[in-house]
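A look at the structure
One letter stands for each residue in the lines below.
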Amino acid sequence: MKTFEVIQDTLSSPNAKQNVIQWSNKIYSDLQNLGAVVQREELRELTFGGDEPCKSYRVRFYIDKYAPKPTFADMQRVVNNTKAVCFDNVKQKRVTIYTTA
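Residues numbered from 1 in each chain as written. Predicted model: local features only at pLDDT ≥ 70, side-chain atom pairs only at ≥ 80, totals over all residues. Heavy atoms only, no water.

Any aromatic ring pair is given by two values, namely how distant the centres are and how the planes are angled relative to each other. For the coordinates displayed, the defined rule picks out two aromatic pairs. Each ring, one from phenylalanine 4 and one from phenylalanine 61, has its centre 4.9 Å from the other, and the planes form 5°; the classification is stacked. Placement of the pair is phenylalanine 4 in strand β1 (residues 2–9) and phenylalanine 61 in strand β4 (residues 54–64), with a sequence separation of 57 residues. Accessibility expressed as a relative area gives 0% for phenylalanine 61, which makes it buried. Ring centres of phenylalanine 4 and phenylalanine 87 lie 4.9 Å apart, and the angle between their planes is 55°; on these two criteria the pair is classed as tilted. (Phe/Tyr/Trp six-rings, centres within 6.5 Å; stacked < 30°, edge-to-face > 60°. Helix = DSSP H or I, 4+ residues; strand = E, 2+ residues; numbered from the N terminus. Buried < 20%, exposed > 50% of the residue type's maximum accessible area, 1.4 Å probe, protein only.)

Here we take up the pairing of β4. Most of β4 is tucked away: nine of the 11 residues are buried. With four bridges joining them, strand β2 (residues 37–40) and β4 adopt antiparallel strand pairing. Counterpart to glutamine 39 in the pairing with β4 is tyrosine 62. Pairing of strand β3 (residues 44–48) with β4, which is carried by five bridges, proceeds in the antiparallel orientation. Of the residues in β4, the one forming a bridge with threonine 47 is lysine 55. Between β3 and β4, which pair antiparallel one after the other, the connecting turn spans five residues, and glycine 50 there sits at a positive phi close to 100°. (Pairing = 2+ DSSP bridges.)

The subject of this paragraph is the side chain of serine 24. With respect to the element layout, serine 24 can be found in helix α1 (residues 16–34). Not counting chain neighbours up to four residues away, the residues in contact with serine 24 comprise Val6, Arg40, Val59 and Phe61. (Contact = heavy atoms within 4.5 Å.)

The next point concerns the pattern of salt bridges. Applying the stated criterion across every chain, the model contains seven salt bridges. A salt bridge links arginine 60 to glutamate 5, with the shortest nitrogen-to-oxygen separation between them at 3.6 Å. Of this pair, arginine 60 sits in strand β4 while glutamate 5 sits in strand β1; the two residues are 55 residues apart in sequence, bridging distant segments of the chain. With respect to burial, arginine 60 and glutamate 5 carry one shared label: buried. Of the charged contacts, one joins arginine 44 and glutamate 41 as a salt bridge, the two residues approaching to 3.6 Å between their closest N and O atoms. Arginine 44 sits in the partly exposed class, given a relative accessible area of 29%. Its relative accessible area of 32% is what places glutamate 41 among the partly exposed residues. One continuous salt-bridge network, built from bridges that share partners, spans Glu5, Glu41, Arg44, Arg58 and Arg60. (Salt bridge = Lys/Arg side-chain N within 4 Å of Asp/Glu carboxyl O.)

Listed below in structure tokens is the structure:
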């Protein structure tokens, strides 16, 4: 399993919250269309004080696979087409997606 966060703060864009929501929705949709097992957390807001106070908006994703395709490289390529992020490995965990009929 791999995890990553989509992040932007208000110092780099006044539309940071909207950008993170838009990027997260596109990444989530693209990964599902690729056939990846994907889970995302809710949007988080962090407030930083100091000389230049700002807000940071973040959405954490968890991706996994149970078949040879798509590969993690395929998933990273799809994600990085929308927003370049840093991927981390998560050991000994699997994402379980439950659906209701």
